[in-house]
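As a plain string of letters, each chain reads:
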Amino acid sequence: MELEISLEEVKKISIAELLERLSSDVKGLSDDEAKKRLEYGINEISQSEQSHLKKFFSYFWGPIPWMIEFALILSLLIQHWPEFGIILLLLLINGLVGFIQEDRADNAIEILKEKLAYNARVLREGKWIKIPSKYIVPGDIVKVHLGDIVPADIKLIEGDYVTADESSLTGESLPVDKKIGDIIYSGSTIQKGQMNGIVFATGMNTFFGRAAGLVSEVSPKSHLQKAVITIGDYLIVLDLIMVTLIFIAGLIRHESFFDILGFALVLTIASIPVAQPAVLSVTLTVGAMAMAKKKAIVSKLTAIEEMAGMDVLFSDKTGTLTKNEISIAEIESYNEFTDDDVLFYAGLASLRLEQDPLDKAIIDKIDSSETLSLKIKSFKTLKFNPFDPIRKSTESLIQYKNDSKFRVSKGAPQVILSLLDGNEIFKTKIERNVDNFASKGYRSIGVSKTDQNDEWQFIGLVALYDPPKKSSKQTIKDAKSMGIDVKMVTGDHIAIAKQIAKELDLSTNIMLPISFLDIPEDEAFKVVEDASGFAEVFPEHKYRILELLQNRGKIVGMTGDGVNDAPALKKADAGIALYQATDAAKSAADIVLTIPGLSVIINAIKESYKIFHRMRSYSIYRVAETIRILVFIAMVILIFNFYPVTALMLVFIALLDDIPVMTIAYDRTEKVMSPQKWDMYQVLGMATFLGAIGIVSSLLLFYIGKVVLNLDTGVLQSLIFLKLVVAGHLTMFVTRNSGHFWSVKPSGIFFWSVILTDIFATLLVVFGIFLTPIGWELAALVWVYSLIAFVIEDQLKIYFYKVLEHGYFKKFMTKSDKMSN
């Protein structure tokens, strides 16, 4: 058996020879044979395992670990053994905690991805079954049709044709028609048709897999990445200024170069947010798991942040705002045909296997009639062309009692009418009836058949009704209260859209695509912004709508389920694939719903608000903590020529800070009911303010210890160390909400991680473990002092939030930026 056949060979050999080379036949592989071939392909270490090992070592060698390692070597050279031991411990703990947390995050994401895994239709032992596409092996016979992502490289062996989008592989923008004997590549999207093919390459052996192994895609930075970079730059600049001043002062005072360098390195380590990537990653992952429980699976973690900032949500009508429980409301027959004829021929143009909701409504209605259900069994479907979004119709070739053949079609009335010759008066009559149905909220489909001369005859109209969900009206109301503008988007008739909008208490200002096409951008934006929805929309119209709003700074969510929705889902800030969406739509989307309904989206948005709030709270804390430590230490060294803490204490502070921040992802948050965006003026403004309060309180305690209590150097340093730890950790309770600290109860894991690390720090200084002992009285003084400072800080925070809301700080920052430029 030869499992590996090159692409060049496959192009040359016949289908029969390929089947023989792969030991396959028209009945497909047996389950046992497929299992053997699957095992054959997974003997070597996988790429994910390689990246797993690479990630593990990256935590011990990178920009931040490199500085820790340099400080470690320096401590060894100057024989500062306590610092050497603690820095080594910090390096190991930092590496292991970071690796474990992110590995857990990655494992959680893998579980979510498993839920999004694409299925493929495979012929096994003569039966068509659905299996996850990762279990496909060379020699399998698979079926591909509209909306599928091709699961492997296959050679087509049966069927009429398929049209495939190979743009992601070949760069060719136009879809390509494929027929028997052609090769279709893994990762292509089927846009039309249905065919069977034999698999000859899977995974990294496919054309797509080999290309992916050679290049890596460079994605644009998300808002979160930009925020992290801004915060990092702010802290690095501040650190460089303070460390440079300390270095210069030390050299002027003729201190040991290596002592100054060692202290400067450790101070830098303590001030730079080493745990920030792990904290944000874990926060997003925990949030993604919470969203999955609410039936919204995240395929890209950064989409959570985009969803939190969403201003506008475009929601599909069918299945999201409505029940997607289509029923036949009315039937209108024409010419000599009866209502039963309309229903019967509509049934012949429907697929009994793999029914969509429309086909199901028609087949169920036929099955409820004994006469029609018996009659339809006398007719044989020779060929069936399924519905596609471009043609907007289905067509069957039917044979009756081994004699006459005829064609029957159903679909959008305008498409069915286009099959007829002339008779504009008749067409106008049909269009009036379609409008009449639409005004009632009914969607019409036309039905036609060919006569003995192969000329099309219009049989009648079937009016379908899909009622709004009872929950949709309240959900839209909730979304509006959250500051989200929900707009309906549908391919249905404008009258249907207006009727449904009326039933949902949406404005009936529903527009057609022509209202924003081919007009100046400013006018088009105004039309899109003011409209409550759009009807008779094609996928390319969705893309243009997104473009208009995004160009004006709006963060937009877009729902979709079809293969042609994929470009718009990819373009949207938060692309949301609806329940039972095609593989192509799921692949392009950021979030995939596992149950239908708008309420699922709104619940996911509420969860994203909590996730964003945690990230923002941590960012404020991290910057404030860096400022209070860095600037305070620099000021005391420069003004008093005194080191308020030792390098060893800074290492302890960095270590103790990392423990509670890892639990922020599990903390409760205040109720947030509006879109959340990174406002760096607010983040850095509040952080700087809280940092300044910390500096003042630390300087005051330093003065009390040095002047009032006249403590010796070691005791004073231990006193300041405990204050920096306890007061710093209490600041987490300040930054976690915008109200008073008691307004939202913290989670148990977060609360106790803060308290226990503070107790541990207290025991270190009370009993003098690695540090100068200070006794219980001075430790109690620090706790009382820190708690009083904490209450004052919390009250001042509320006042300063009001200052920030009025934009005073923003105006000041803007003037500073202009002056610096």
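Placed above this text is the structure.
Keep in mind the model is a prediction, meaning the values are calculated, not measured.

### A word on the pattern of salt bridges
For step 1, the next point in the chain: Under the defined criterion, the tally for this structure stands at 23 salt bridges.
For step 2, the next point in the chain: With a closest N to O distance of 3.7 Å, Asp530 and Lys526 form a salt bridge. With Asp530 and Lys526 both in helix 21 (residues 521-530), this residue pair falls 4 residues apart, about one helical turn.

### Examining helix 28 (residues 713-735)
For step 1, the next point in the chain: Here helix 28 contains 23 residues, and its C-alpha end-to-end distance of 33 Å stays within 8% of the 33 Å for a straight helix at 1.5 Å per residue.
For step 2, the next point in the chain: With 22 of 23 residues buried, helix 28 is to be regarded as a mostly interior element.

### Describing the packing of aromatic side chains
For step 1, the next point in the chain: Per the counting criterion, the structure on display carries 24 aromatic pairs.
For step 2, the next point in the chain: Relative to Tyr442, the ring of Phe437 lies with its centre 6.4 Å away and its plane at 45°, an arrangement referred to as tilted. Of the two residues, Phe437 and Tyr442, neither departs from the other in class, the shared state being buried.
For step 3, the next point in the chain: On the basis of an interplanar angle of 50° and a centroid distance of 5.5 Å, the ring pair of Phe642 and Phe702 is categorised as tilted. Here the residue Phe642 occupies a position in the loop between helix 25 (598-640) and helix 26 (647-661), and Phe702 occupies one in helix 27 (residues 680-708), the gap between them amounting to 60 residues.
For step 4, the next point in the chain: Phe642 sits in the buried class, given a relative accessible area of 10%.
For step 5, the next point in the chain: By way of ring pairs, the aromatic residues Phe337, Phe344, Tyr345, Phe379, Tyr400 and Phe406 are connected into one cluster.

### Observations concerning a nonpolar patch on the surface
For step 1, the next point in the chain: The grouping of Phe751, Trp752, Leu756, Ile759, Leu763, Phe767, Ile769, Phe770 and Trp776 at the surface amounts to a nonpolar patch, some 940 Å² of accessible area in total.
For step 2, the next point in the chain: Among the secondary structure elements, Phe770 is positioned in the loop between helix 29 (748-767) and helix 30 (775-805).
For step 3, the next point in the chain: Phe770 gets classed as exposed once you look at its relative accessible area, which sits at 53%.

### A look at the packing of helix 26 against helix 28
For step 1, the next point in the chain: Relative to each other, helix 26 and helix 28 sit at 20°, their axes nearing to 11 Å. Classed by the angle they form, the pair helix 26 and helix 28 counts as roughly parallel. Two packed elements cross with a definite hand, and for helix 26 against helix 28 that hand is right-handed. Within the contact between the two elements, helix 26 uses Met649, Phe652, Ile653, Leu656, Asp657, Pro660 and Val661 and helix 28 uses Gln717, Ser718, Phe721, Leu724, Val725, His729 and Met732.
For step 2, the next point in the chain: The class makeup of the residues in the contact of helix 26 with helix 28 is 10 nonpolar, 3 polar and 1 charged.

Conventions used here
Residues numbered from 1 in each chain as written. Predicted model: local features only at pLDDT ≥ 70, side-chain atom pairs only at ≥ 80, totals over all residues. Heavy atoms only, no water. Salt bridge = Lys/Arg side-chain N within 4 Å of Asp/Glu carboxyl O. Helix = DSSP H or I, 4+ residues; strand = E, 2+ residues; numbered from the N terminus. Expected span 1.5 Å × (residues − 1). Buried < 20%, exposed > 50% of the residue type's maximum accessible area, 1.4 Å probe, protein only. Phe/Tyr/Trp six-rings, centres within 6.5 Å; stacked < 30°, edge-to-face > 60°. Patch = residues over 30% accessible without salt bridge, like charges linked within 9 Å, V, L, I, M, F, W, Y side chains within 5 Å. Areas by Shrake-Rupley, 256 points an atom, 1.4 Å probe, with all protein chains shown as cover. Axes fitted to C-alpha atoms, helices over the stretch in contact; angles between N-to-C directions. Parallel < 35°, antiparallel > 145°, perpendicular 65-115°, else oblique. Left-handed = near helix turned anticlockwise from the far one by under 90°. Contact = heavy atoms within 4.5 Å. Nonpolar A, V, L, I, M, F, W, Y, C, P; charged D, E, K, R; others polar.

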